[in-house]
Structure formats: structure tokens, C-alpha cells
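So the chains spell out like this:
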Amino acid sequence: MPNAFISGTGFYVPPRRVTNDDLRTVYGIDTTHEWIVKRTGIEERRFADEGVGTSDLGLLAAQAAIEKAGIAKTDLDMIIFATLSSEHCFPGSGVYLQEKLGLCDGPNAKFVPALDVRNQCSGFLYALGTATSMVKSGACKHVLVVGAEVHSAALDLTARGRGVASLFGDGAGAVVVSATEEDRGVRAWKLGADGRFADTLSQRIWDIRKRPFIPQNAEGVGQISPEFMWAYMDGKLVFKHAVERMVMVLMETCMMHGVTGEAIDMFFFHQANMRINQFIQQTLGIPEEKIVHNIHRYGNTTAATIPILLAEAEETGRLRRGMKIALCSFGSGFTWGAAIIDW
Ligand code: ACO
């Protein structure tokens with residue numbers, strides 16, 4: 001059975017910086033830089049311009065990852081696209097990315113499967129686990145895994161929405177998961193979910209049990225009330241479960257691989273909230289130099305946080321061949337996951 005390793009990483013964030021003060025001065029949100037930094041660690045985030053879709057961000061991250069992997073795009077056997085902000089209800093962003101990559105063009109067109117993963121902040125780890133299994137089974141040699149989000153279009157950028165809107169940003173990260181006979185790669189991964197909390201962090205927009213699924217006015221125009229239009233989050237409950245689940249799944253994944261936390265050279269945590277990650281760090285006694293953060297620059301980019309962290313750490317030389325690293329995430333669903341990789 002081959003090993004599955006990450007042969008290339010890439011990321012892209014849109015150029016427009018939105019600082020905490022911009023949320024107040026440009027968007028009129030009743031907030032302060034101090035409130036947001038103290039509770040989340042976020043100083044600024046990126047917002048894509050109108051007209052830019054999730055697969056557009058994913059494309060630029062994917063192209064960088066494919067180039068780093070040293071393969072041609074036609075070497076890909078599968079695309080897995082993790083996002084909660086796909087362009088449309090259906091189809092998902094994976095097929096748009098396939099087309100934008102040019103995989104459907106010309107005599108060398110390659111109509112590889114394109115799978116969309118809808119596991120929110122854990123989406124990248126769900127996608128990585130799936131890609132690893134596809135590679136280890138021999139079904140695929142190279143799988144493109146993308147995590148990308150355009151949150152800025154679906155944030156309630158008013159005082160009413162400030163508790164959620166100040167947390168999120170746009171961005172994309174990508175990796176190529178490839179087969180190798182070398183002794184390296186994804187060593188262990190574990191995923192979990194607890195559907196009892198499905199509504200605790202959700203953006204419901206429509207209700208398929210209703211007829212029609214979105215209420216219409218007399219003119220037949222769909223009308224969505226604010227509580228359905230925008231994301232809902234019970235922040236304190238999310239915080240409590242995030243720290244418990246992330247600590248547990250990290251320990252379980254270390255046990256699966258037969259190592260203690262001390263054997264891990266670097267930890268890549270989902271970037272939802274600096275305080276969640278500091279809590280985990282303190283609970284597990286992880287030294288500061290083993291942790292990478294970028295939440296202060298990008299906010300929470302949901303499925304994109306971990307692949308962006310990986311790509312940045314590789315680009316800056318912090319993440320090097322031979323390191324043993326751990327990835328860990330938690331999010332809406334509730335869903336969570338962790339993975340250990342020999343880089
Ligand atoms: N600026 C100023 N005031 C705000 C803001 C803001 N941006 N947002 C909320 N407030 C106000 C609220 O309106 C409330 O005011 P009130 O007391 O007059 O009603 C007050 O601050 C306290 O609100 P809480 O929601 O209780 O604030 P809390 O201390 O819980 O902090 C936070 C909110 C930061 C979201 C916190 O609950 C948290 O960190 N939760 C974790 C959730 C998370 O990180 N989610 C990310 C997505 S899920 C994931 O990726 C894991």
C-alpha cells in the first residue's frame with residue numbers, strides 16, 4: 001500500500017484588507033478594535049470584491065499547490081473542494097474549479113471526479129482524510145484538496161450581526177495529496193461529529209420541509225427573514241465544545257500513531273479564535289515555538305485556515321521536510337478532526 005503525502009501547498013487571499021476599524025468606519029458596525037482583538041485575536045481580514053467566487057480563490061491556491069507538487073494539472077486524479085460558501089446551492093464549487101483549471105479543455109481533457117465537502121471549519125480535515133484514503137487504496141495518485149471561502153458576501157455587516165461578522169474573512173488554501181513509496185506522509189487521522197448541535201452554528205437560509213422552501217410574497221419573490229438569512233452562532237457553547245473536542249481528538253490521534261504530544265514538532269490549529277487555541281495550548285502544555293498562527297491577519301477563513309497555514313509555513317521555511325506535524329480543527333455540525341503527518 002503506498003503512503004499518502006502532501007507534495008505541494010499553495011494559498012491565495014484577496015488583496016483587500018479590512019481592519020477592525022474599517023468594520024466600524026466603513027461598514028458602520030458598532031464595535032471596537034480592542035473588543036475584537038481581546039476576544040478573538042483578529043486584527044484584520046481579507047474581503048473579496050463583488051464578482052469573485054469561491055472557486056476563483058480556490059483556483060489560484062490550487063495552481064500554486066500543483067506547481068509546488070511538480071506535476072501537471074492533468075496528473076490529477078480527483079478534486080476535493082471543501083467550503084461552506086459555494087457559489088450556488090448546487091452544483092458545488094469543485095466542478096467550477098475543474099473547468100477553471102482547464103481540465104475540460106482540448107484533446108487532453110481529463111474529466112476527473114470533483115467532490116464537494118460540506119463540513120465547515122473541519123472541511124479541510126474531512127477532505128484530507130478522504131484524499132488520503134483514495135491515495136492509499138491505490139484509486140488515485142494525485143488528489144487536489146482545496147479549502148476556500150468567500151464569507152464577506154454572506155455576513156450581516158451591521159450592529160445586529162457584529163458577533164459573527166467580525167470573525168470571518170475570505171481566502172483559499174490547497175494541497176496536493178500524492179502517492180509515494182517513501183516512509184513519510186499522513187500517519188493517522190481521526191474525524192468526529194455531534195449532530196445534536198447542528199443548529200448551534202448554522203446558516204439555514206431555506207427550509208426544504210416548507211412549501212415552497214423559501215417563502216414568497218404576492219409577486220412570487222422569495223423572502224428570507226434575517227434569522228434565516230444570516231449565520232447563527234451560540235458563541236459560548238461553540239467555545240466550550242471546541243476546546244474539549246480539539247484536545248480530545250488531538251490526544252486520540254496521537255494515540256493512534258503511538259506518539260505523545262512531545263514528538264510533534266509543530267501544531268496547525270484551525271484559526272477560529274486565538275483564545276480557543278491558547279486554551280488548548282495551555283491544557284496540553286505546548287510550547288509557543290511549536291505553534292503557528294495567522295488569525296490576526298486573516299480572521300477565520302473556515303475550510304481554508306489549515307491549508308493557508310501550511311502553505312505559509314512552508315513558504316517561510318518554518319515547515320520543513322522530516323518534521324512531524326499535527327493538524328486539528330472544530331466547527332459547525334459540530335464536526336472536528338485531527339491528523340498527524342510526517343512532512
Ligand atoms: N463588538 C462589540 N461588541 C460585540 C461584538 C463586537 N464585534 N460582538 C458581540 N458584541 C457584544 C454582544 O452584543 C454582547 O452585548 P450585550 O451584552 O449588550 O448583549 C456582548 O458583546 C457579549 O456578547 P457575547 O456573545 O456574550 O460575547 P462573548 O464574550 O461570548 O464573545 C465570541 C463572543 C468572541 C464569539 C466568543 O463567544 C467566542 O470566542 N466563541 C467561540 C466561537 C467561535 O470562535 N466561532 C467561530 C466559528 S466556529 C469555528 O470556527 C470553531
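Residues numbered from 1 in each chain as written. Predicted model: local features only at pLDDT ≥ 70, side-chain atom pairs only at ≥ 80, totals over all residues. Heavy atoms only, no water.

K.L.:
I tried to follow the environment of glutamine 98 on my own but got confused; where do I start?
P.N.:
Among the structural elements, glutamine 98 can be located in helix H4 (residues 93-100). Assessed through its relative accessible area of 8%, glutamine 98 is described here as buried. Ignoring anything within four residues of it in the chain, the contact list for glutamine 98 reads Ile79, Leu103, Cys104, Lys110, Phe111 and Val112. (Helix = DSSP H or I, 4+ residues; strand = E, 2+ residues; numbered from the N terminus. Buried < 20%, exposed > 50% of the residue type's maximum accessible area, 1.4 Å probe, protein only. Contact = heavy atoms within 4.5 Å.)

K.L.:
Even after reading the chapter, I still don't get the site of the ligand, so can you show me in this structure?
P.N.:
By nearness alone, 23 residues border the ligand, and Thr31, Cys121, Lys236, His270 and Asn273 come closest of all. In the environment of the ligand, a nitrogen atom lies 3.5 Å from a nitrogen or oxygen atom belonging to the side chain of tryptophan 35. Within the side chain of histidine 270, one N or O atom sits 2.8 Å away from an oxygen atom of the ligand. When the ligand is considered free in solution it has 1000 Å² of accessible area, and contact with the protein chains removes 73% of it. Among the secondary structure elements, those contributing two or more residues to the shell around the ligand are helix H2 (33-40), helix H6 (162-165), helix H8 (235-257) and helix H9 (274-284). Examining the composition of the shell around the ligand, we find that four residues originate from one element, H8, more than from any other. Tallied by class, the residues present in the shell around the ligand amount to ten nonpolar, eight polar and five charged. (Near = heavy atom within 4 Å. Polar contact = N/O pair within 3.5 Å; in protein donor to acceptor, adjacent residues only side chain to side chain. Areas by Shrake-Rupley, 256 points an atom, 1.4 Å probe, with all protein chains shown as cover. Nonpolar A, V, L, I, M, F, W, Y, C, P; charged D, E, K, R; others polar.)

K.L.:
Looking at this model, I keep getting lost on the layout of surface pockets. Mind explaining?
P.N.:
Counted as a void, the second largest pocket has a volume near 170 Å³. As for the second largest pocket, its lining consists of Leu250, Met251, Cys254, Gly261, Glu262, Phe267, Leu284, Gly285, Ile286, Pro287 and Lys290. Looking at the lining of the second largest pocket element by element, the count peaks at three residues for H8. Here the lining of the second largest pocket is composed, by residue class, of seven nonpolar, two polar and two charged. (1 Å grid on protein atoms, 1.4 Å probe; cavity = no way out; pocket = protein on both sides within 12 Å on 5 of 7 lines; lining within 4 Å. Points joined across faces, edges and corners; volume = space filled by probe spheres on them.)

K.L.:
Even after reading the chapter, I still don't get the packing of aromatic side chains, so can you show me in this structure?
P.N.:
Any pair of aromatic rings gets described here by the distance separating the centres and the angle formed by the planes. Evaluation of the coordinates by the stated rule reveals six aromatic pairs. Judged by centre distance (4.9 Å) and plane angle (10 degrees), the ring pair of phenylalanine 197 and phenylalanine 334 falls under stacked. Residue phenylalanine 197 is located in the loop between strand E8 (185-193) and strand E9 (201-202), and its partner phenylalanine 334 is located in the loop between strand E12 (324-331) and strand E13 (335-342); the two are separated by 137 residues in the primary sequence. Taken individually, phenylalanine 197 and phenylalanine 334 each receive the classification buried, so the pair is uniform in this respect. Centre to centre, the rings of phenylalanine 330 and tryptophan 336 are 6.3 Å apart; their planes meet at 10 degrees, and the pair counts as stacked. In terms of burial, phenylalanine 330 and tryptophan 336 fall into one category: buried. Lying over the aromatic face of phenylalanine 228, arginine 204 brings its terminal NZ or CZ to 5.2 Å of the ring centre. (Phe/Tyr/Trp six-rings, centres within 6.5 Å; stacked < 30°, edge-to-face > 60°. Lys NZ or Arg CZ within 6 Å of the ring centre and 35° of its normal.)

K.L.:
Would you explain a positive patch on the surface in this entry?
P.N.:
There is a patch of like positive charges on the surface, built from Lys38, Arg39, Lys236 and Arg275. Mapped onto the secondary structure, lysine 236 falls in helix H8. Since its relative accessible area comes to 74%, lysine 236 is described here as exposed. (Patch = residues over 30% accessible without salt bridge, like charges linked within 9 Å, V, L, I, M, F, W, Y side chains within 5 Å. Salt bridge = Lys/Arg side-chain N within 4 Å of Asp/Glu carboxyl O. Lys, Arg positive; Asp, Glu negative; His and termini not counted. Charge placed at Lys NZ, Arg CZ, Asp CG, Glu CD.)

K.L.:
What is the right way to read the side chain of asparagine 119 from this model?
P.N.:
Its place among the elements puts asparagine 119 in the loop between strand E5 (114-117) and helix H5 (123-136). In this view, asparagine 119 contacts Tyr126, Ser332 and Thr335; residues no more than four positions away in its chain are not counted.

K.L.:
Even after reading the chapter, I still don't get the environment of valine 145, so can you show me in this structure?
P.N.:
One can find valine 145 in strand E6 (residues 142-149). Accessibility expressed as a relative area gives 0% for valine 145, which makes it buried. As a C-alpha pair, valine 145 and leucine 155 span ten residues in sequence and 25 Å in three-dimensional space. In contact with valine 145, other than residues within four places in its own chain, are Ile80, Phe124, Ala127, Leu128, Ala131, Gly173, Ala174, Val175 and Val177.

K.L.:
How do you make sense of the sheet that holds strand E1 (residues 3-12) when you look at a structure like this?
P.N.:
Across a sheet, strands are paired by hydrogen bonds formed along the backbone, either parallel or antiparallel in direction. Ordered in space as E1-E7-E6-E4-E5, the five strands form an open sheet in which the pairing is mixed. Of all the strands in the sheet, just E1 and E5 have a single pairing partner and so form its edges. Shown here is a sheet whose adjacent strand axes are inclined to one another by a mean of 20 degrees, direction ignored. Strand direction decides the pairing type here: E6 and strand E7 (residues 171-180), joined by eight bridges, are antiparallel. Residue pairing for E7: alanine 148 is matched across the bridge by alanine 172. Contacting E1, strand E4 (78-82), E6 and E7, helix H3 (residues 54-69) crosses the sheet at an angle of about 130 degrees to E1. (Pairing = 2+ DSSP bridges. Axes fitted to C-alpha atoms, helices over the stretch in contact; angles between N-to-C directions.)

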